[in-house]
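Understanding the architecture of this molecule
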Amino acid sequence: MDKKIFRAPNIQTALAGIKEELGPDAMILSTRKVPKSPRDPYAKTMFEVEAAIPSTGDNKPESPLVQDVKALKSDLAQIKDILSVAGFGSGVSSILCNHFESVGVLASLLRCGVSERLAADLVQKAALDLDKTLDTATQMKQLKKRVMGLCLDQFRTKDFFTRHNASGLPQVAAFVGPTGVGKTTTIAKLAACLSFTRKMKVGLVSIDNYRIGAFEQLKAYAGIMGLPCMPAFSRQDLACALDRMKSMDLVLIDTAGHSHYDKEKIDEILELVRNDFQISVHLTLSVTSELINMKEAASAFSVFNPDTYVFTKTDETKRCGKILDQAASYDLPVSLVTNGQKVPEDLIIPDRHELLKIILKKEPKGD
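Quick summary incoming for the structure in this document.

Rules of the game
- Residues numbered from 1 in each chain as written.
- Predicted model: local features only at pLDDT ≥ 70, side-chain atom pairs only at ≥ 80, totals over all residues.
- Heavy atoms only, no water.
- Helix = DSSP H or I, 4+ residues; strand = E, 2+ residues; numbered from the N terminus.
- Buried < 20%, exposed > 50% of the residue type's maximum accessible area, 1.4 Å probe, protein only.
- Contact = heavy atoms within 4.5 Å.
- Salt bridge = Lys/Arg side-chain N within 4 Å of Asp/Glu carboxyl O.
- Lys, Arg positive; Asp, Glu negative; His and termini not counted.

Looking now at the overall build of the protein chain. Counting secondary structure elements, the protein chain contains 13 helices and 12 strands. In the protein chain, buried positions account for 47% of the 367 residues. For the protein chain, contacts bridging at least 24 residues in sequence account for 74% of all contacts bridging at least 6.

In structure tokens form, the structure reads like this:
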């Protein structure tokens, strides 16, 4: 097979030259963007296309028309990615100038809700020392693999809810967070999962005395599952409830949801669940919230020294990339993710790779 490299300012011009010189039976072997020389920063962008005329016995090449269509589709996809990142700040502009081959990966991160700052940082780190002698497709494959690895480094996961407790007493876990994030439903899902799947003895306690019907809702779930459920609106009530449930493997506590700006109400919950009860705390955030609100809520509820994140409502948004930013700004492992209203089906105790699929919206369900 006789090979020849064609250099042109764009793929279409190179293909036209190949067709003219080598004829319609020419086979495209590789394409790559030619890196600019540091000595000539004003040089025009160039592309190299390696082509050949197959010898007898070689596989029949695609027709020039098929090749042109594929090239056009590739260019249109790239234009779509460029348009999707247009209007972002200097960090994105710098990447487009210095690492143009990364535009597709960068656009994917931004579309799934990763912040501009974090997306640009991940792509820039991944593009360091990328082998520019490789063809564009191989560079893209390596870049994407590096970015996925860096994304995995942004967060941790932990299967927190187990039987293991050296004291012989039940593990006690309280769920805290802003109003409307789905704490009660999440507790019901977890209780069902642990009692039915892991065969654990689970008790429920509500200390939500603000929301009308809060205890009744939790008690209804408990009744369906055959689990004990008690209200506790003071430290004395809570101590009594925990004593009555000391034969349980796990006790889940539902707390009142409050605005993260309402420090007085947050302090009331903190007074109930302070550390002498040995209660683990799980910060529950909805990914339908704006990133700034998630960060402010995490800051307000940090007075509880939470042990894990619980992210809810991943089925209600395509922008789950905010989880990466939140985990990067306030380092906690992720213990639970919810992706729907069904109890107990729509609950995930994820490992890191499963959580990354959720963040990048790659689940079959579309979450």
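Looking now at the pattern of salt bridges. Counted according to the given criterion, the structure contains 9 salt bridges. For Glu 48, the salt bridge is made with Arg 7, and the minimal N-O distance between the two is 2.4 Å. Linking Glu 48 in strand E3 (residues 46–53) with Arg 7 in strand E1 (residues 2–8), this pair joins segments that are 41 residues apart in sequence. According to the relative accessible area criterion, Glu 48 is buried, its value standing at 15%. Note that Asp 159 and Arg 198 form a salt bridge whose closest N and O atoms lie 2.7 Å from each other. Of this pair, Asp 159 sits in the loop between strand E4 (156–157) and strand E5 (171–176) while Arg 198 is found in the loop between helix H7 (183–197) and strand E6 (202–206), placing the two residues 39 residues apart along the sequence. Relative accessible area serves as the criterion here: at 38%, Asp 159 is assigned to the partly exposed category. Residue Arg 198 is classed as partly exposed on the basis of its relative accessible area, which comes to 27%.

Looking at where Lys 183 falls in the secondary structure, it is placed in helix H7. In this structure Lys 183 is buried but unpaired, with Asp 254 as the nearest side chain of opposite charge at 5.7 Å. The contact partners of Lys 183, leaving out residues within four places of it in the chain, are Phe 175, Val 176, Gly 177, Pro 178, Asp 254, Thr 255, Ala 256, Gly 257 and Thr 284.

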